[in-house]
Number of protein chains: 2
Amino acid sequence: MGRWEPDARGRLARAALTLYAEQGFEQTTVAEIAARAGLTERTFFRHFTDKREALFDGSEQLPGHLARAVEQAPPDASPLDAVTAALDAMAALVQQNPERARLRNTVVATRAELRERELIKLAETAAAVAGALRARGVPEPAASLAAETGVAVFRVSVARWLAGPGQPDLAGVLHEALASLRDVLATRTRA
Amino acid sequence: MGRWEPDARGRLARAALTLYAEQGFEQTTVAEIAARAGLTERTFFRHFTDKREALFDGSEQLPGHLARAVEQAPPDASPLDAVTAALDAMAALVQQNPERARLRNTVVATRAELRERELIKLAETAAAVAGALRARGVPEPAASLAAETGVAVFRVSVARWLAGPGQPDLAGVLHEALASLRDVLATRTRA
């Protein structure tokens with residue numbers, strides 16, 4: 001116990017996701033996850049507070065990662081450009097492992113408590129992006145609206161991308177969705 | 001026990017909100033809520049499964065209410081017009097009792113489990129609005145994007161409206177936010 005295990009956290013997260021997808025989130029015990037990863041329950045609880053957190057491993061880096069993408073956008077980039085840079089950064093993360101994204105999405109959809117956890121993580125991400133936009137001089141409410149809309153575009157796009165195996169890459173789906181949203185908002189038939 | 005109590009549900013929900021705001025959500029017991037409402041714990045559990053649900057009383061009607069607003073928009077209304085009609089319907093509900101909205105918002109902000117519950121209720125509302133848009137012939141992803149964006153605009157607007165006591169009515173804040181979002185999405189400085 002307590003000895004160093006190479007990539008213990010990653011092994012536990014992968015074992016958890018596999019077991020949740022195979023036999024259900026509720027039916028899976030921490031003991032099974034640890035056994036599948038070749039580790040102990042004690043090691044599991046050194047890395048994760050509960051089974052939910054093992055499912056969302058990595059998402060704690062999302063707010064900072066996207067805020068940096070906004071910070072690093074060129075000085076003359078519009079708020080939309082900056083949000084698009086953040087969405088591209090998010091897409092690149094997801095596309096590092098599309099199978100993991102697909103499995104996680106399937107598991108999250110099965111339980112309200114998991115959908116809730118995902119939504120609050122996305123809300124935290126939107127808040128971080130809004131803060132980075134304000135730091136670029138974007139006023140409110142434009143900063144929060146651009147950030148929240150960006151996250152909404154991301155959610156809708158990931159769902160489409162996962163649902164359609166013939167889809168282009170996620171970044172392409174995101175850009176299509178942004179264009180579609182701009183059309184929707186530009187088309188106002190009544191005064 | 002078991003006798004009919006006039007507006008028991010409403011009395012319990014109001015007592016719960018008052019106590020959560022006065023002494024904290026976690027610190028409030030169902031026994032205290034029932035006593036404040038002049039009812040029994042048993043009556044509380046006939047109406048609500050738990051303390052969280054008492055806080056969100058009424059929100060179960062939101063998805064259907066907004067979907068109807070979309071359905072009832074004129075046949076020639078654009079998707080944005082239909083979503084604006086849904087947002088106006090939502091604003092009218094909130095403005096029936098601004099003090100309740102303010103208190104609820106304050107309580108929700110105190111605990112992650114309450115923010116999560118609120119987010120999933122808003123996600124359900126967005127899904128209902130998207131379904132009503134599809135029924136009007138709006139294709140995907142435009143339907144989901146318009147609905148999700150509408151909910152994002154609503155969240156940002158309510159926060160602004162509650163934060164600024166000198167704000168105009170919520171519908172006015174919503175329309176300003178929609179205009180601001182259209183500006184943000186229209187301004188793209190880079191190719």
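Residues numbered from 1 in each chain as written. Chains lettered and ligands numbered in written order. Predicted model: local features only at pLDDT ≥ 70, side-chain atom pairs only at ≥ 80, totals over all residues. Heavy atoms only, no water.

Caption draft 1: A look at the overall build of chain A. For chain A, the count of helices and strands is ten helices and zero strands. With the C-alpha coordinates aligned to their principal axes, the bounding extent of chain A is approximately 65 × 35 × 25 Å. When the 191 residues of chain A are sorted by exposure, 50% land in the buried category. Partitioning the contacts of chain A with sequence separation of at least 6, the portion at a separation of at least 24 is 64%. When the accessible surface of chain A is totalled, it reaches about 8800 Å², and 53% of it is carbon and sulfur. (Helix = DSSP H or I, 4+ residues; strand = E, 2+ residues; numbered from the N terminus. Buried < 20%, exposed > 50% of the residue type's maximum accessible area, 1.4 Å probe, protein only. Contact = heavy atoms within 4.5 Å. Areas by Shrake-Rupley, 256 points an atom, 1.4 Å probe, with all protein chains shown as cover.)

Caption draft 2: Summary view of the relation of the copies chain A and chain B. In the superposition of chain A on chain B (RMSD 0.0 Å, axial shift 0.0 Å), the rotation amounts to 180°. In short, the pair behaves as if placed about a two-fold rotation axis. Comparing interface residues between copies, 100% of those in chain A also lie at the interface in chain B; the contact surface is shared. (Least-squares fit on C-alpha atoms with pLDDT ≥ 70 in both.)

Caption draft 3: Representation of helix α6 (residues 79-95) of chain B in the model. Counted at 1.5 Å a residue, the expected span for α6(B) with its 17 residues is 24 Å, and the 24 Å between its end C-alpha atoms agrees. If you check which residues of α6(B) are buried, you get Leu80(B), Asp81(B), Ala82(B), Val83(B), Thr84(B), Ala86(B), Leu87(B), Ala89(B), Met90(B), Ala91(B) and Val94(B). Tucked inside the fold, the buried residues of α6(B) contact α10 (170-186) of chain A together with α5 (62-71), α7 (98-110), α8 (112-135), α9 (142-163) and α10 (170-186) of chain B. (Expected span 1.5 Å × (residues − 1).)

Caption draft 4: Geometry of the packing of helix α9 (residues 142-163) of chain A against α10(B). Here α9(A) crosses α10(B) at 70°, and the two axes come no closer than 9 Å. As far as their axial angle goes, α10(B) and α9(A) are roughly perpendicular. Across from Ala142(A), Leu145(A), Ala146(A) and Thr149(A) in α9(A), the residues of α10(B) making contact are Ala177(B), Ser180(B), Leu181(B) and Val184(B). Class assignment of the residues belonging to the contact of α9(A) with α10(B) gives a composition of six nonpolar, two polar and no charged. (Axes fitted to C-alpha atoms, helices over the stretch in contact; angles between N-to-C directions. Parallel < 35°, antiparallel > 145°, perpendicular 65-115°, else oblique. Nonpolar A, V, L, I, M, F, W, Y, C, P; charged D, E, K, R; others polar.)

Caption draft 5: Spotlight on the nonpolar core. The biggest cluster of nonpolar side chains holds 87 residues, and the ones touching the most others in it are Leu133(A) and Leu133(B). Contacts of Leu133(B), omitting those with residues within four sequence positions, involve Val70(B), Pro79(B), Ala82(B), Val83(B), Val138(B), Ala143(B), Ala146(B) and Ala147(B). (Core = buried A, V, L, I, M, F, W, Y, C linked by side-chain atoms within 4.5 Å.)

Caption draft 6: View of the confidence of the model for chain A. Residues and elements named next belong to chain A. Across chain A, pLDDT averages 89, with 93% of residues at or above 70. No element of chain A has a lower mean pLDDT than α10, which averages 87, and none a higher one than helix α2 (residues 30-37), which averages 97. Interface confidence for the predicted complex, given as ipTM, is 0.76, next to a pTM of 0.82. (pLDDT = per-residue confidence, 0-100.)

Caption draft 7: How the structure looks around the interface of chain A and chain B. Taken together, the contact between chain A and chain B spans 40 residues of the former and 40 residues of the latter. The junction of chain A with chain B conceals about 3800 Å² of combined surface from both sides, 64% of it contributed by carbon and sulfur atoms. Counting every contact that joins chain A to chain B gives six salt bridges. A salt bridge links Arg155(B) to Glu148(A), with the nearest nitrogen and oxygen atoms 2.9 Å apart. (Buried area = accessible area lost by both parts, 1.4 Å probe. Salt bridge = Lys/Arg side-chain N within 4 Å of Asp/Glu carboxyl O.)

Caption draft 8: Molecular detail of the pattern of salt bridges. All names here are of chain A. Applying the stated criterion across every chain, the model contains 28 salt bridges over all chains. Here Asp-7 and Arg-14 are joined by a salt bridge, their closest N and O atoms 3.0 Å apart. Overall, Asp-7 belongs to the partly exposed group, its relative accessible area being 45%. Look at Arg-14 and you get partly exposed, because its relative accessible area is 48%. Linking Arg-111 and Glu-26 is a salt bridge whose minimum nitrogen-to-oxygen distance equals 3.4 Å. Of this pair, Arg-111 sits in the loop between α7 (98-110) and α8 (112-135) while Glu-26 sits in the loop between α1 (8-23) and α2, and the two are 85 residues apart along the sequence.

Caption draft 9: Seen up close, the packing of aromatic side chains. The final tally for this structure, using the stated rule, is six aromatic pairs over all chains. Ring centres 5.2 Å apart and planes at 80° place the aromatic pair Phe44(A) and Phe45(A) in the edge-to-face group. Owing to a relative accessible area of 46%, Phe45(A) belongs among the partly exposed residues under this scheme. With a centroid separation of 4.8 Å and an interplanar angle of 65°, the aromatic rings of Tyr20(B) and Phe25(B) are classed as edge-to-face. There is no split in this pair, since Tyr20(B) and Phe25(B) are both buried. The rings of Phe44(A), Phe45(A) and Phe48(A) are connected pair by pair, giving a single aromatic cluster. Here the basic side chain of Lys51(A) rests over the ring of Phe25(A), its NZ or CZ set 4.6 Å away from the ring centre. (Phe/Tyr/Trp six-rings, centres within 6.5 Å; stacked < 30°, edge-to-face > 60°. Lys NZ or Arg CZ within 6 Å of the ring centre and 35° of its normal.)

Caption draft 10: Looking closely at α7(B). Residues and elements named next belong to chain B. Taking 1.5 Å of rise per residue, the 13 residues of α7 would be expected to cover 18 Å, and the 19 Å separating its terminal C-alpha atoms lies within 8% of that figure. Buried within α7 are the following residues: Ala-101, Leu-103, Arg-104, Val-107 and Val-108. Mapping the buried residues of α7 onto a view down its axis gives an arc of 165°, with all of them on the same face. (Arc of directions from axis to C-beta.)

Caption draft 11: Here's a closer look at the side chain of Arg52(A). Relative to the elements of secondary structure, Arg52(A) occurs in helix α4 (residues 51-55). Residue classification places Arg52(A) among the buried residues on the basis of a relative accessible area of 15%. Setting aside residues up to four positions removed in sequence, Arg52(A) forms contacts with Phe25(A), Glu113(A), Leu114(A), Arg117(A) and Glu116(B).

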